[in-house]
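Examination of the molecular architecture
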Amino acid sequence: MSDTHSHPHSHEQSRHRISNLQEYLGEFVYGGIDGCVTTFAVVAGSAGADLSVNVVLILGFANLLADGFSMSVGAYLSTQSDRDQYFKHERIEYQEIEEIPEMERQEVREIYQRKGFEGELLEQVVDVITADKDRWVDEMMKNELEMVLETKSPLAIGGITFLSFVLVGLIPMLAYLFDWGAEGNSRFMVACVLTSLGFALVGWLKAYINHTSRLRSVLETLFLGGSAAAVSYFVGDVLARIITG
């Protein structure tokens, strides 16, 4: 009996965990895209300059950790700033409801007039909304200020952004971390193949989140990443020729 009753609760917990993961999947995808593009650009530039494996690893890891940390801090601060702005305006709305309630009622009335409500029905809607201060403020935040509270944790967003940046950004470095039986340009070609697979995975996840064409998203991500790598490679090659004469 106990096992039978525990299954619905277990399934509900599983669905809740999956829902929570999906909420942060966007941060993982975009952090991963930046990590892979940025690190592969460093690898490509180093390959174009014909730098040694040790130098590529030093530059790659320095860039991976520093940029990953910078991006995660930026994501955290941006989310926290949005939340702070929301709460600041929310406090102002509560204060205005206390001090100038009739003016605030009129604003609600005008909002619903623009939506097509009129006459007695309009007044009933206004009465229902303004009967509860929390509902009243929520209405003003959404329909007057067009602000919605970000429910995701700023700390979690920053952490997931850093994690995805490092994990996906590490993919181009694998060609230089392990002995693949390749040297020089051959090692760089291994990095290209691995990075392409990483781009394809991230592109597929992006399509899953945005409910768009998976093929288009994969090709778009491959194109953008390849473009960044091509620019870095040729810049590295040109600078190496200039410096070495």
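Keep in mind it's a predicted model, so treat the numbers as computed, not measured. (Residues numbered from 1 in each chain as written. Predicted model: local features only at pLDDT ≥ 70, side-chain atom pairs only at ≥ 80, totals over all residues. Heavy atoms only, no water.)

1. Quick look at the packing of helix α2 (residues 25–48) against helix α7 (residues 154–169)
Following both chains from N to C, one finds α2 and α7 inclined at 40°, their axes separated by 7 Å at the closest point. It follows that α2 is oblique to α7 by the angle criterion. By crossing handedness, the relation of α2 to α7 is classed as right-handed. The segment α2 lies against α7, with E27, F28, G31, G32, D34, G35, C36, T38 and T39 engaging I157, I160, T161, S164, F165, V168 and G169. Residue composition of the contact of α2 with α7, by class: 6 nonpolar, 8 polar and 2 charged. (Axes fitted to C-alpha atoms, helices over the stretch in contact; angles between N-to-C directions. Helix = DSSP H or I, 4+ residues; strand = E, 2+ residues; numbered from the N terminus. Parallel < 35°, antiparallel > 145°, perpendicular 65-115°, else oblique. Left-handed = near helix turned anticlockwise from the far one by under 90°. Contact = heavy atoms within 4.5 Å. Nonpolar A, V, L, I, M, F, W, Y, C, P; charged D, E, K, R; others polar.)

2. Section: the nonpolar core
Formed by 23 residues in total, the largest nonpolar core has its most connected members in V29, F40, V43, Y176, F188 and A191. For this core, the elements supplying multiple residues, two or more each, are α2, α3 (53–99), α8 (174–177) and α9 (184–210). Among residues more than four places away in sequence, those in contact with V43 are V56, P172, M173, Y176, F188 and A191. Core analysis: the second largest hydrophobic core is formed by 14 residues, Y112, W136, V137 and M140 among them. (Core = buried A, V, L, I, M, F, W, Y, C linked by side-chain atoms within 4.5 Å. Buried < 20%, exposed > 50% of the residue type's maximum accessible area, 1.4 Å probe, protein only.)

3. What to know about the pattern of salt bridges
Here the structure, examined in full by the defined rule, presents 6 salt bridges. For K152, the salt bridge goes to E27, with nearest N and O atoms at 3.2 Å. Taken together, the positions of K152 in the loop between α6 (133–143) and α7 and E27 in helix α2 put the pair 125 residues apart, joining distant regions of the chain. As far as the burial class goes, K152 and E27 line up, both buried. Ionic pairing is found between K206 and E220, a salt bridge with its closest N-O pair at 3.0 Å. Of this pair, K206 sits in helix α9 while E220 sits in helix α10 (residues 214–244), placing them 14 residues apart in sequence. On the basis of relative accessible area, K206 is assigned to the buried category, the value being 11%. (Salt bridge = Lys/Arg side-chain N within 4 Å of Asp/Glu carboxyl O.)

4. A few points about the packing of α2 against α3
Each packed pair of helices is defined by two parameters, the angle between the axes and the distance between the axes. Between α2 and α3, the least distance of the axes is 10 Å, while the angle of their chain directions is 155°. When the axes of α2 and α3 are compared, the pair comes out roughly antiparallel. As for how α2 packs across α3, the hand of that crossing is right-handed. Between α2, through Y30, G31, D34, T38, T39, V42, V43 and S46, and α3, the contact on the second element is made entirely by V56, L59, G60, N63, L64, D67 and M71. Partitioning the contact of α2 with α3 into residue classes produces 7 nonpolar, 6 polar and 2 charged.

5. Some thoughts on the side chain of T130
In this structure, T130 sits in helix α5 (residues 119–130). Contact partners of T130, with chain neighbours within four places excluded, come to R105, V108 and W136.

6. Side note on the packing of aromatic side chains
Tallied over the entire structure, the rule returns 4 aromatic pairs. Centre to centre, the rings of W204 and Y208 are 6.0 Å apart; their planes meet at 10°, and the pair counts as stacked. Placement of both W204 and Y208 in helix α9 is noted, with a separation of 4 residues, approximately one turn of the helix. Note on W204: relative accessible area 39%, which makes it partly exposed. Here the guanidinium or amino end of K115 rests over the ring plane of Y112, the centre of that ring lying 4.6 Å away. (Phe/Tyr/Trp six-rings, centres within 6.5 Å; stacked < 30°, edge-to-face > 60°. Lys NZ or Arg CZ within 6 Å of the ring centre and 35° of its normal.)

7. What to know about a nonpolar patch on the surface
Nonpolar side chains collect at one region of the surface, where V231, V235, V238, L239, I242 and I243 lie side by side and expose about 590 Å² of accessible area between them. Here L239 lies in helix α10. (Patch = residues over 30% accessible without salt bridge, like charges linked within 9 Å, V, L, I, M, F, W, Y side chains within 5 Å. Areas by Shrake-Rupley, 256 points an atom, 1.4 Å probe, with all protein chains shown as cover.)

8. What about α2?
Counted at 1.5 Å a residue, the expected span for α2 with its 24 residues is 34 Å, and the 34 Å between its end C-alpha atoms agrees. Burial within α2 is extensive, with 19 of its 24 residues counted as buried. Two residues or fewer past α2, D50 is found with a positive phi of approximately 60°. (Expected span 1.5 Å × (residues − 1).)

None of this, on its own, says anything about what the molecule does.
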